[in-house]
There are 2 protein chains.
Amino acid sequence: MPPNPRNDIPDIVIGRLPIYLRALTRLAQEGKEVTSSHELGKRLGISSAQIRKDLSHFGGFGKQGTGYQISYLEDKLRQVLKVNREWKVALVGAGDLGRAIAHYQGFAQRGFHICCMFDNDPAKIGTSVDNFEVKPVETIAETIREQNIQIAMIAVPAEHAQAVADLLIAAGVRALLNYAPINLNVPQDVYVQYIDPVVRLQRMTYYLD
Amino acid sequence: MPPNPRNDIPDIVIGRLPIYLRALTRLAQEGKEVTSSHELGKRLGISSAQIRKDLSHFGGFGKQGTGYQISYLEDKLRQVLKVNREWKVALVGAGDLGRAIAHYQGFAQRGFHICCMFDNDPAKIGTSVDNFEVKPVETIAETIREQNIQIAMIAVPAEHAQAVADLLIAAGVRALLNYAPINLNVPQDVYVQYIDPVVRLQRMTYYLD
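The text that follows walks through the structure, step by step, so that each part is easy to find.

Cut-off values and rules
- Residues numbered from 1 in each chain as written.
- Chains lettered and ligands numbered in written order.
- Predicted model: local features only at pLDDT ≥ 70, side-chain atom pairs only at ≥ 80, totals over all residues.
- Heavy atoms only, no water.
- Contact = heavy atoms within 4.5 Å.
- Buried area = accessible area lost by both parts, 1.4 Å probe.
- Salt bridge = Lys/Arg side-chain N within 4 Å of Asp/Glu carboxyl O.
- Polar contact = N/O pair within 3.5 Å; in protein donor to acceptor, adjacent residues only side chain to side chain.
- Helix = DSSP H or I, 4+ residues; strand = E, 2+ residues; numbered from the N terminus.
- Buried < 20%, exposed > 50% of the residue type's maximum accessible area, 1.4 Å probe, protein only.
- Phe/Tyr/Trp six-rings, centres within 6.5 Å; stacked < 30°, edge-to-face > 60°.
- Lys NZ or Arg CZ within 6 Å of the ring centre and 35° of its normal.
- Pairing = 2+ DSSP bridges.
- Expected span 1.5 Å × (residues − 1).
- Axes fitted to C-alpha atoms, helices over the stretch in contact; angles between N-to-C directions.
- Parallel < 35°, antiparallel > 145°, perpendicular 65-115°, else oblique.

A separate point is the interface of chain B and chain A. Interface size is often expressed as the accessible area that is lost when the parts come together. At the junction of the two partners, chain B supplies 64 residues and chain A supplies 64 residues. Counting the surface lost from both chain B and chain A, the interface buries some 6,500 Å², and carbon and sulfur atoms represent 59% of this. At the junction of chain B and chain A, the tally comes to 8 salt bridges. Taking the shortest distance from any N to any O, the salt bridge between Asp196 of chain B and Arg22 of chain A comes out at 2.9 Å. Between the two partners, chain B and chain A, sit 28 residue pairs in polar contact (both at pLDDT 80 or more). Mapped by element, the contributors of at least two residues to the side of chain B that touches chain A are α1 (11-29), α2 (37-44), α5 (96-103), α6 (106-109), α8 (158-171), β8 (175-178), β9 (191-194) and α9 (197-205) of chain B.

In structure tokens form, the structure reads like this:
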């Protein structure tokens with residue numbers, strides 16, 4: 001992850017904020033109104049001191065001894081992470097994986113609105129996946145520019161992922177969620193996150209017998 | 001991640017090994033036979049010094065000046081990560097997500113063989129997903145013990161994930177890949193990895209305008 005251009009908050013801190021937000025949303029769903037760094041820490045397996053230190057980067061949000069108002073802290077974290085708005089997301093790849101992604105309700109529920117879907121397979125172009133019409137990859141640049149899309153998900157085979165990333169970045173995309181099992185080369189000001197469940201499994205088998 | 005019981009190699013190093021392995025497999029597919037820490041580093045956005053240091057924990061594998069024999073390094077990393085064998089994996093949850101996971105070919109291709117699938121919905125129990133018959137959650141413990149399964153994937157709604165994890169762990173599972181958007185509380189000797197694409201997106205929006 002490139003350095004934060006606006007301030008010097010470590011990326012590892014930023015990476016924990018969505019985890020805090022998710023836990024707060026869960027606590028609210030359970031009917032709780034107030035929590036503490038201790039309770040959050042226990043849920044997350046993170047020390048309460050770490051949580052307080054992370055949040056202090058953004059001004060604290062809690063009063064000594066009274067804990068955190070959950071809805072207030074949720075709002076503040078959404079603001080910091082800029083997820084207090086709707087983000088449009090382009091999805092490239094309309095195979096099994098792309099279809100599963102388009103079908104997944106969790107994105108829209110948490111503010112990420114898939115707005116267009118692309119593929120290079122003539123058999124898939126023009127078909128409908130959920131509410132989307134699959135469009136040819138040749139129209140990616142135009143669509144990204146017209147709709148001012150900053151985020152894209154890549155769900156194409158590994159051998160096409162870099163070319164797709166290059167196309168998206170050239171059109172103005174600045175954040176990529178890459179499901180293809182390959183590392184992408186991107187400019188310094190573009191952000192990439194990877195979803196590869198096999199890599200996650202392989203990281204654990206090391207510890208098994 | 002709990003400390004490695006067998007040695008003192010940092011977990012962050014272990015976490016990079018599957019990424020190296022993936023890149024090596026890719027290089028081999030491109031027809032290359034030899035690579036260098038420099039070439040690997042360029043592909044991965046990791047310094048060549050870091051790669052050499054990581055690999056030196058396991059004895060090196062390369063000769064000064066001649067680089068790495070790709071197939072040899074692949075074999076060695078598979079051995080270190082214990083992915084030079086087939087792992088049986090239990091899958092809990094036969095909804096849209098569970099079905100997409102069962103359908104994904106990438107697990108079996110890279111040594112993870114989903115061997116059983118469970119759900120608590122009477123409408124799903126007994127149905128077939130790919131080659132699996134969905135079994136009732138009540139049979140999880142028996143199946144895990146009989147087949148000596150150490151790894152499970154959780155693809156159930158957030159509110160059921162902890163109970164499912166408890167059940168799996170009690171039956172002997174030691175590594176969990178959790179797709180439910182919730183942190184799990186597990187004993188020290190159990191490993192958990194999380195797949196939550198929304199958390200990954202939220203980590204990037206912080207940097208966008």
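This part is about the pattern of salt bridges. Inspection of every chain in the model, using the stated rule, returns 22 salt bridges over all chains. Between Asp196 of chain A and Arg110 of chain B there is a salt bridge whose closest N-O contact spans 3.0 Å. Within this pair, whereas Asp196 of chain A is found in the loop between β9 (191-194) and α9 (197-205), its partner Arg110 of chain B is found in the loop between α6 and β4 (112-119), the two belonging to separate chains. Under the relative-accessibility criterion, Arg110 of chain B is labelled partly exposed at 23%. One network of salt bridges, in which partners are shared, links Arg26, Glu30, Lys32, Glu39 and Arg43 of chain A.

Tracing the backbone through its elements, the reader meets Leu177 of chain B in strand β8. Look at Leu177 of chain B and you get buried, because its relative accessible area is 0%. On a C-alpha basis, the gap between Leu177 of chain B and Leu91 of chain B in space is 9.5 Å, while along the polypeptide they are 86 residues apart. With sequence-adjacent residues up to four places away left out, Leu177 of chain B is seen in contact with Pro197, Arg200, Leu201 and Met204 of chain A together with Ala152, Met153, Ile154, Gln193 and Ile195 of chain B.

Moving on, we come to the packing of aromatic side chains. Counted under the stated rule, the structure contains 6 aromatic pairs over all chains. Judged by centre distance (5.1 Å) and plane angle (90°), the rings of Tyr104 of chain A and Phe107 of chain A are edge-to-face. Tyr104 of chain A gets classed as partly exposed once you look at its relative accessible area, which sits at 32%. Since its relative accessible area comes to 1%, Phe107 of chain A is described here as buried. Members of the aromatic cluster, joined through ring pairs, are Tyr191 of chain A together with Tyr206 and Tyr207 of chain B. The side chain of Lys82 of chain B reaches across the aromatic face of Tyr206 of chain A, ending 5.7 Å from its centre.

A word on the sheet that holds strand β4 (residues 112-119) of chain A. Residues and elements named next belong to chain A. Taken together, the 7 strands give an open sheet; going across it, the order is β5-β6-β4-β3-β7-β8-β9, and neighbouring strands pair in mixed fashion. The sheet is open, and its two edges are formed by β5 (128-129) and β9, each paired on a single side. The pairing of strand β8 (residues 175-178) with β9 spans 4 bridges and is parallel. The partner of Leu177 across the bridge, within β9, is Gln193.

With that settled, consider α1 of chain B. Residue and element names in this part refer to chain B. Its 19 residues give α1 an end-to-end C-alpha distance of 28 Å, which sits within 8% of 27 Å, the value for a rise of 1.5 Å per residue. With respect to burial, α1 is a largely interior element, 15 of its 19 residues being buried. Immediately downstream of α1, the backbone of Gly31 shows phi near 95°, a positive value.

What follows concerns the sheet that holds strand β5 (residues 128-129) of chain B. All names here are of chain B. Pairing in this open sheet of 7 strands is mixed, and the strands run β5-β6-β4-β3-β7-β8-β9 from one edge to the other. The open sheet has two free edges, formed respectively by β5 and β9, since each of these has just one partner strand. In terms of strand pairing, strand β7 (residues 151-154) meets β8 through 4 bridges, oriented parallel. The partner of Ile154 across the bridge, within β8, is Asn178. Against the sheet, α5 contacts β3 (87-92), β4, β5, β6 (132-136) and β7, and its axis sits at roughly 155° relative to β4.

Looking now at the packing of helix α1 (residues 11-29) of chain A against helix α2 (residues 37-44) of chain A. All names here are of chain A. Two numbers describe how α1 lies on α2: the axes approach to 11 Å, and their chain directions differ by 105°. Considered as vectors, α1 and α2 are oriented roughly perpendicular to each other. Facing Ile19, Tyr20, Ala23, Leu24, Arg26 and Leu27 of α1, the residues of α2 in contact are Glu39, Leu40, Arg43 and Leu44.

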